[in-house]
Amino acid sequence: MEEGDEVSVHDLQPPALTSSLTAAQAEHGLRLAPRKVIQTYDPDEWEVFIEEWATGLSLNYVRVQRFGGSGDRGVDVAGFKTDRGFEGEWDCFQGKHYDKSLTPSIAWPEVLKVFLLPVRTPLYKLPSSYSFIAPRGLGTSLAHLISTPTELRGKFLEQVESGTAKPFRELDVDTRSAVYELASATDFSMFGSVEVLALIDQHRATPYYAARFGGGLPARPASEDPPQAVGPDELVYLTKLVDAYRERYVTVDTIASAELHDKARAHLRRQRESFFRAEALRTFARDQVLPNTFEGLQNELLDAVIETAEADHSDGLERLRHTLEQAVNAQLSANALIQVTEPADRRGICHQLANDDRLTWVVDK
């Protein structure tokens, strides 16, 4: 990228880790401690890592957005608290990936940029908080300044007033005066840092952690029993089940009649339990692994059972039985979720696929 090039947020490529997560990545990750891994990142990957970390914070931002390139205006990653973006409440996360600890001389130009935002564009608000994030943390001098906001403000105002350092020297008189006035009225306790150990620990709560650092997936919480009342999100796969019951038992033509039938009742209960197990796995995947990992497992399972599902069978229930049996016995090993997937989950995924009209049990002869 050439100096001065502007980069639109929409031009930025998504993080490389947003494809589905493999079992090997989740189990082993890279063979380095997380603190060593992050030291290998280049500045762009460091910003991506910070973006991932920010999505896992308990603040529940309306949006976390990464900016990049020379036109980022001193904002690497922003956590927006309202849908008004920079015009509302927001937090700034500034990544500095250096091979040394951050010093005041590194920090001053970045602090200046955040004050230039509202000075040059009045619609921008100062962030509620501004955090330096560096793999080697803050040096002693900067750490002391950050811990004494009044002194930090005084030292910054000295930089503005003296105008000896390059970014301050380039300010015109009016801009210098406006920055000085705004900084003088600002509580510098807004400036802080995120220590590496806390950063890594908080990143653990995101779906991106296992792919970056390995260590396996956490245990799944216990699944809840299906609700007694059938929900609208069950209607497609249950209708297909009823079609199979009707073909075998004739008198079963509704969900209600299936619940009254000696054989269909127990079978129906097991299928609903499996479906909700798979739904719980979907929720677990959303919180613990990369986007598309669960969908990848669904696709792998469909590939494993489709020939069985499309083969000739005596009736729909027989087709269902053979398909579920094939799903349980299929040798799947590539997907990260295999570590925490049980037979009932596999059967439930078949019903999810039926819900999406990718599988069916009664076919026209």
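### Some words on the overall build of the protein chain
Part 1 of the argument: Secondary structure summary: the protein chain contains 16 helices and five strands in total.
Part 2 of the argument: Relative to the compact-globule value of 21 Å for 365 residues, the protein chain shows a C-alpha radius of gyration of 28 Å, a clear excess of over 25%.
Part 3 of the argument: Across its three principal directions, the C-alpha atoms of the protein chain cover 90 × 40 × 35 Å.
Part 4 of the argument: The buried share of the protein chain, reckoned over its 365 residues, is 47%.
Part 5 of the argument: Contacts spanning at least 24 positions in sequence make up 70% of the contacts within the protein chain whose residues lie at least 6 apart.
Part 6 of the argument: Each charge class in the protein chain was averaged separately, 39 positive and 56 negative side chains, and the resulting centres sit 4 Å apart.

### Observations regarding the layout of surface pockets
Part 1 of the argument: Here the second largest pocket defines a volume of roughly 290 Å³.
Part 2 of the argument: Elements with a minimum of two residues in the lining of the second largest pocket: helix 11 (235–249), helix 13 (262–288) and helix 15 (316–329).
Part 3 of the argument: For the lining of the second largest pocket, the per-class residue count stands at five nonpolar, three polar and seven charged.

### So, the packing of aromatic side chains
Part 1 of the argument: For the coordinates displayed, the defined rule picks out 22 aromatic pairs.
Part 2 of the argument: Seen in terms of ring centroids, Phe156 and Phe168 are 5.8 Å apart; in terms of plane orientation they differ by 65°. Their pairing is edge-to-face. With Phe156 in helix 6 (residues 149–162) and Phe168 in helix 7 (residues 166–169), the pair connects residues that are twelve residues apart, well separated along the chain. Assigned by exposure class, Phe156 and Phe168 land together as buried.
Part 3 of the argument: Measuring from ring centre to ring centre gives 5.9 Å for Phe156 and Phe188, while their planes differ by 45°; the resulting arrangement is tilted. Taken together, the residues Phe156 in helix 6 and Phe188 in the loop between helix 8 (173–184) and strand 5 (191–193) connect sequence positions 32 residues apart.

### Comments concerning the packing of helix 11 against helix 16 (residues 343–355)
Part 1 of the argument: Closest axis-to-axis distance for the helix 11/helix 16 pair is 7 Å, and the angle between their directions is 100°. Considered as vectors, helix 11 and helix 16 are oriented roughly perpendicular to each other. Between helix 11 and helix 16, the contacting residues are Val236, Tyr237, Lys240 and Leu241 on the first element and His351, Ala354 and Asn355 on the second.
Part 2 of the argument: Tallied by class, residues from the contact of helix 11 with helix 16 come to four nonpolar, two polar and one charged.

### Some words on helix 16
Part 1 of the argument: Given a rise of 1.5 Å per residue, 13 residues ought to cover 18 Å, and the 19 Å separating the end C-alpha atoms of helix 16 matches this to within 8%.
Part 2 of the argument: Helix 16 sits mainly inside the fold: eleven of its 13 residues count as buried.
Part 3 of the argument: Buried within helix 16 are the following residues: Ala344, Asp345, Arg346, Gly348, Ile349, Cys350, His351, Gln352, Leu353, Ala354 and Asn355.
Part 4 of the argument: Residues of helix 16 that are buried make contact with helix 11, helix 13, helix 14 (293–310) and helix 15.

### Concerning the environment of Trp46
Part 1 of the argument: On the secondary structure map, Trp46 appears in helix 3 (residues 43–55).
Part 2 of the argument: A sequence separation of 88 residues divides Trp46 from Ala134, and the C-alpha atoms of the two residues are 8.8 Å apart.
Part 3 of the argument: Contacts of Trp46, omitting those with residues within four sequence positions, involve Ile38, Tyr41, Gly95, Lys96, His97, Ile133, Ala134, Pro135 and Leu199.

### Describing the pattern of salt bridges
Part 1 of the argument: Across all of its chains, the model carries 22 salt bridges by this definition.
Part 2 of the argument: Between Glu110 and Lys96 there is a salt bridge, with its nearest N and O atoms 3.0 Å apart. In this pair, Glu110 is assigned in helix 4 (residues 104–120) and Lys96 in the loop between strand 3 (90–95) and helix 4, connecting sequence segments 14 residues apart.
Part 3 of the argument: Using a relative accessible area of 6% as the deciding quantity, one classes Glu110 as buried.
Part 4 of the argument: Looking at Lys96, the relative accessible area reads 12%, which means it is buried.
Part 5 of the argument: In this structure, Glu325 engages Arg321 in a salt bridge whose closest nitrogen and oxygen atoms are separated by 3.9 Å. In this pair, Glu325 and Arg321 are both assigned in helix 15, four residues apart and thus about one turn of the helix distant.
Part 6 of the argument: For Glu325, a relative accessible area of 43% translates into the label partly exposed.
Part 7 of the argument: A relative accessible area of 41% places Arg321 in the partly exposed class.
Part 8 of the argument: Connected through shared salt-bridge partners, Arg248, Asp315, Glu318, Arg321 and Glu325 make up one network.

### A look at the pairing of strand 3
Part 1 of the argument: By the criterion of burial, strand 3 is predominantly enclosed, with six of the six residues buried.
Part 2 of the argument: Along strand 3, one buried face is formed by Trp90, Cys92 and Gln94 and the opposite face, lined by Asp91, Phe93 and Gly95, is buried too.
Part 3 of the argument: Where strand 3 lies against strand 4 (residues 129–133), five bridges are found, and the strand directions are parallel. When the sheet's bridge partners are listed, Gln94 is paired in strand 4 with Phe132.
Part 4 of the argument: On the question of chirality, the crossover connecting strand 3 to the parallel strand 4 by way of helix 4 is right-handed.

Reading guide: rules and limits
- Residues numbered from 1 in each chain as written.
- Predicted model: local features only at pLDDT ≥ 70, side-chain atom pairs only at ≥ 80, totals over all residues.
- Heavy atoms only, no water.
- Helix = DSSP H or I, 4+ residues; strand = E, 2+ residues; numbered from the N terminus.
- Rg over C-alpha atoms; globule rule 2.2 N^0.38 Å.
- Buried < 20%, exposed > 50% of the residue type's maximum accessible area, 1.4 Å probe, protein only.
- Contact = heavy atoms within 4.5 Å.
- Lys, Arg positive; Asp, Glu negative; His and termini not counted.
- Charge placed at Lys NZ, Arg CZ, Asp CG, Glu CD.
- 1 Å grid on protein atoms, 1.4 Å probe; cavity = no way out; pocket = protein on both sides within 12 Å on 5 of 7 lines; lining within 4 Å.
- Points joined across faces, edges and corners; volume = space filled by probe spheres on them.
- Nonpolar A, V, L, I, M, F, W, Y, C, P; charged D, E, K, R; others polar.
- Phe/Tyr/Trp six-rings, centres within 6.5 Å; stacked < 30°, edge-to-face > 60°.
- Axes fitted to C-alpha atoms, helices over the stretch in contact; angles between N-to-C directions.
- Parallel < 35°, antiparallel > 145°, perpendicular 65-115°, else oblique.
- Expected span 1.5 Å × (residues − 1).
- Salt bridge = Lys/Arg side-chain N within 4 Å of Asp/Glu carboxyl O.
- Pairing = 2+ DSSP bridges.
- Right-handed = clockwise from strand over helix to strand, strands pointing away.

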